[in-house]
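Results of the structural survey
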Amino acid sequence: MKKITTENRIPWNENFKYCIGTGRLALALRKEYLDGLKKAVDDIGFKYIRGHGIFHDEIGIYREYEWNGEEKVMYNFTYIDQIFDSFLEIGIKPFIELGFMPEQLASGTKTVFWWKGNVTPPKNYKKWNNLISATINHLIDRYGIEEVKTWPIEVWNEPNLSNFWENADMEEYFKLYKETVTTIKSINEDLIVGGPSICGGSDHWLDDFLTFCKKENLKLDFLSRHAYTSGPAQLIPFSCYQEIHSKENLLKDFKTGREAIEKVNFKNIPVHITEFNTSYKPLNPVHDTAFNAAYLGKILSYGGDFVDSFSYWTFSDVFEEEDIPKSLFHGGFGLLAYNLIKKPTYYLYQFFSKLKGDILYRDDNLIVTEKNGKLYIIAFNPVEDVHDITLYQTLELPICKSEDTVFVKRSVINEEYGNAWQAWRKMGRPRFPNKEQIEDIKEAAIPKFETYNLPVKEGSITLEFVLQKNEITLFEITGIHKPKSYESPYYGLDDSRIVGYNNL
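Residues numbered from 1 in each chain as written. Predicted model: local features only at pLDDT ≥ 70, side-chain atom pairs only at ≥ 80, totals over all residues. Heavy atoms only, no water.

**Things to note about the packing of helix α5 (residues 170–187) against helix α6 (residues 204–215)**
- It is the contact of α5 with α6, at a shortest axis distance of 11 Å, that shows an interaxial angle of 45 degrees. Relative to α6, the element α5 lies oblique. You can see that α5 and α6 cross each other, and the crossing is right-handed. Across from Met170, Tyr173, Phe174, Tyr177 and Lys178 in α5, the residues of α6 making contact are His204, Trp205, Asp208, Phe209, Phe212 and Cys213.
- Residue composition of the contact of α5 with α6, by class: eight nonpolar, one polar and two charged. (Axes fitted to C-alpha atoms, helices over the stretch in contact; angles between N-to-C directions. Helix = DSSP H or I, 4+ residues; strand = E, 2+ residues; numbered from the N terminus. Parallel < 35°, antiparallel > 145°, perpendicular 65-115°, else oblique. Left-handed = near helix turned anticlockwise from the far one by under 90°. Contact = heavy atoms within 4.5 Å. Nonpolar A, V, L, I, M, F, W, Y, C, P; charged D, E, K, R; others polar.)

Below, the structure written as C-alpha cells:
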C-alpha cells in the first residue's frame, strides 16, 4: 500500500498544454482541421499552436513581379489573416515558426515534404528582412501590439538537419537568426523571439547558439528544441515500425535546454520543446495505440519540471508531410484521427487537463493532486511486452474535509475500452469506412466510466484498483452531495421499495 500524505505537496503546473503542434498552416483553411482544433481547445485547453510553412507559397505572403522594367514585391496576407483569425476565434494563439523560404526568395531549389517546403537560405537578406518586417508590422496593425507581444516567434525549424536547412549549415543559420531577430526587435523590443528549434542528436548546437547570441549581444527570449524517442525507421509500403526508447531518454532530452543555458552561463530564459512525440514518423501505427498514451503518462507528469512547455506533435491527422493519408488509421501524429475520432492519447491529455491544485505524489505509474478537498489521480501502465501484464495498486489517500463517505468517478482507457484503433482493427481495417462504421468506431472510442462510494476511516480512504495492459485511468474523488438549506427535502423515499432493488 502507498500512503499518500499532504506533507510534501508541490504546485502542479500545466506546461503540458501550453502549446500543441499542427501540420503546415495552410491546413487551417479546411473545415475538419478547424473543427478538430476547436474540440481540442475546448476539451484540453491548449493555449498556443505551432506549425510550419507561414512563408510557403500556398499561403502566398511573398510575391515578386516586374512592372515597367523594375522588380517589385507584393506582400499578400489574405490567407494568413484567415488562419490567425480562426485561431483566435477558437481561443488559441499562434506560436509562430518563421519558415520555409518563398520560392522566389530562395537561394536554391532543395525542398522537404510532399508539399515541398523550400529549405535554402534567402538569396538576398535585405529582401528577407523586408519580408519579416512587413509580416510582423501587418500582424501588429491587425491584432494590436499588446496581442502580438504575447506570440512567441521561432526562427526556422530543425536547422541542424540538412533535410530542413541546406547542408545543416550552422554559420548560415546563425546569420539568419541575427538578421531576423535584429529586424523584429527594431519593430518592438518586447516581441518574443527565439530558437534554434533543433532536433536531438546535435545538442552542441545549443551551446554554440547560446555562445553566438551572447557574443553578438543578440536578444534571445527563449530556447527551443525538439524531442522524439524512436530509433531508425523499418519501412514497409505506406507505413513503418520503430523501436521506442525509454521514457527516461525523452525526459533527458527535455533537460538539455536548461543544462545548456547553465553551461554557457546564459541568462535565465524559458525553454520550449516545440515538438515531441514517441516516433518522428507520421506513418508509425504506435501513434494510434493505447501504448502511446500510457507511455506518455510519465512524460506529462514530469515534463513541466524541466521545460516551460512541451508541444505534442500534432493535434490532428489532417497532416500531409508524407503525402495524403491513405487510411483512416495510418499512424498519423494526431491526437485526433480523421472524422474527429479521439485516439487514446487524446484522452491522456483530456485526463491530465482535469488535474488541479498541488501534487501530493508521483511515480512511474501514478500522479495524485488535490485542490479544495478534491482528489485527482491518474494512473498508467505502459507494457512493451506482448504478454498481458496487469498492475495492482492500493493507495491510502487523505480526505481533507470532514466526510463519512466519498464519491468516486473512474474513467478508463485500455486495449478494450476507449480504443478506436482496436475497434477499427477488429472491423477489418476499412481504409475508408462508411458513415455507420465511423459511428461504431466513435462509440468504441468512449472511455469506460464507473462511479461508486468509499467509506472514510480516520480521515483517509483506501483505493484499490487494477491497471490492465496499456491502461490509463482517471479517478476524481469528492465528498457526496449534502442538501443545501434552500433545497426542499423529499419525504418517504426508500429505494429498497423499487422492484429489483430490495437489497439497497
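**Here we look at the nonpolar core**
- Counting residues in each nonpolar core, the largest one holds 115 residues, and the members touching the most others are Phe84 and Phe276.
- Ranked by residues supplied to this core, first place goes to helix α3 (residues 125–143) with nine residues.
- Not counting the four nearest positions on each side in its chain, Phe276 is found in contact with Ala227, Tyr228, Leu250, Phe254, Leu296, Ile299, Leu300, Phe310, Ser311, Tyr312, Trp313 and Tyr349.
- The next biggest cluster of nonpolar side chains, apart from the first, holds 20 residues, and it includes Val368, Leu397, Ile399 and Leu467. (Core = buried A, V, L, I, M, F, W, Y, C linked by side-chain atoms within 4.5 Å. Buried < 20%, exposed > 50% of the residue type's maximum accessible area, 1.4 Å probe, protein only.)

**Let's talk about the sheet that holds strand β1 (residues 2–3)**
- Spatial strand order, β1-β23-β26: three strands in an open sheet with mixed pairing. Across the chains shown, the open sheet's two edge strands, defined by having one partner strand only, are β1 and β26 (460–467).
- As paired elements, strand β23 (residues 391–398) and β26 share eight bridges and run antiparallel to each other. When the sheet's bridge partners are listed, Leu395 is paired in β26 with Leu463. (Pairing = 2+ DSSP bridges.)

**Considering the packing of α6 against helix α7 (residues 247–263)**
- Two numbers describe how α6 lies on α7: the axes approach to 9 Å, and their chain directions differ by 45 degrees. Judged by the angle between their axes, α6 and α7 are oblique. Here the hand of the crossing between α6 and α7 comes out right-handed. Residue-level contacts link Leu206, Asp207 and Leu210 of α6 to Thr256, Gly257, Ala260, Ile261 and Lys263 of α7.
- Per-class residue counts for the contact of α6 with α7 are four nonpolar, two polar and two charged.

**Remarks on the packing of aromatic side chains**
- All told, the structure shown has 41 aromatic pairs when counted by the stated rule.
- Here the aromatic rings of Phe84 and Trp151 are separated by 5.6 Å at their centres, their planes lie at 80 degrees, and the arrangement is edge-to-face. Linking Phe84 in helix α2 (residues 78–90) with Trp151 in the loop between α4 (145–148) and β11 (153–155), this pair joins segments that are 67 residues apart in sequence.
- Given a relative accessible area of 1%, Phe84 falls into the buried group.
- Lying over the aromatic face of Tyr302, Lys298 brings its terminal NZ or CZ to 5.8 Å of the ring centre.
- In this structure, Arg425 is placed above the aromatic ring of Trp421, and the distance from its NZ or CZ to the ring centre is 5.1 Å. (Phe/Tyr/Trp six-rings, centres within 6.5 Å; stacked < 30°, edge-to-face > 60°. Lys NZ or Arg CZ within 6 Å of the ring centre and 35° of its normal.)

**Here we look at unusual backbone geometry**
- Across the junction of Gly195 and Pro196, the peptide omega takes the value 5 degrees, indicating a cis bond.
- Here Pro196 shows up in strand β12 (residues 193–198).
- Of note, the amide linkage connecting Trp313 to Thr314 takes the cis form, showing an omega dihedral of 20 degrees.
- Secondary-structure assignment places Thr314 in the loop between β17 (309–312) and β18 (336–337).
- Even without a glycine there, the phi angle at Asn68 is positive, about 55 degrees.
- Counting through the fold element by element, Asn68 comes out in the loop between β5 (62–67) and β6 (70–75).
- Among the residues examined, Asn68 registers a relative accessible area of 65% and is labelled exposed.
- Although it is not a glycine, Asn217 sits at a positive phi angle of roughly 55 degrees.

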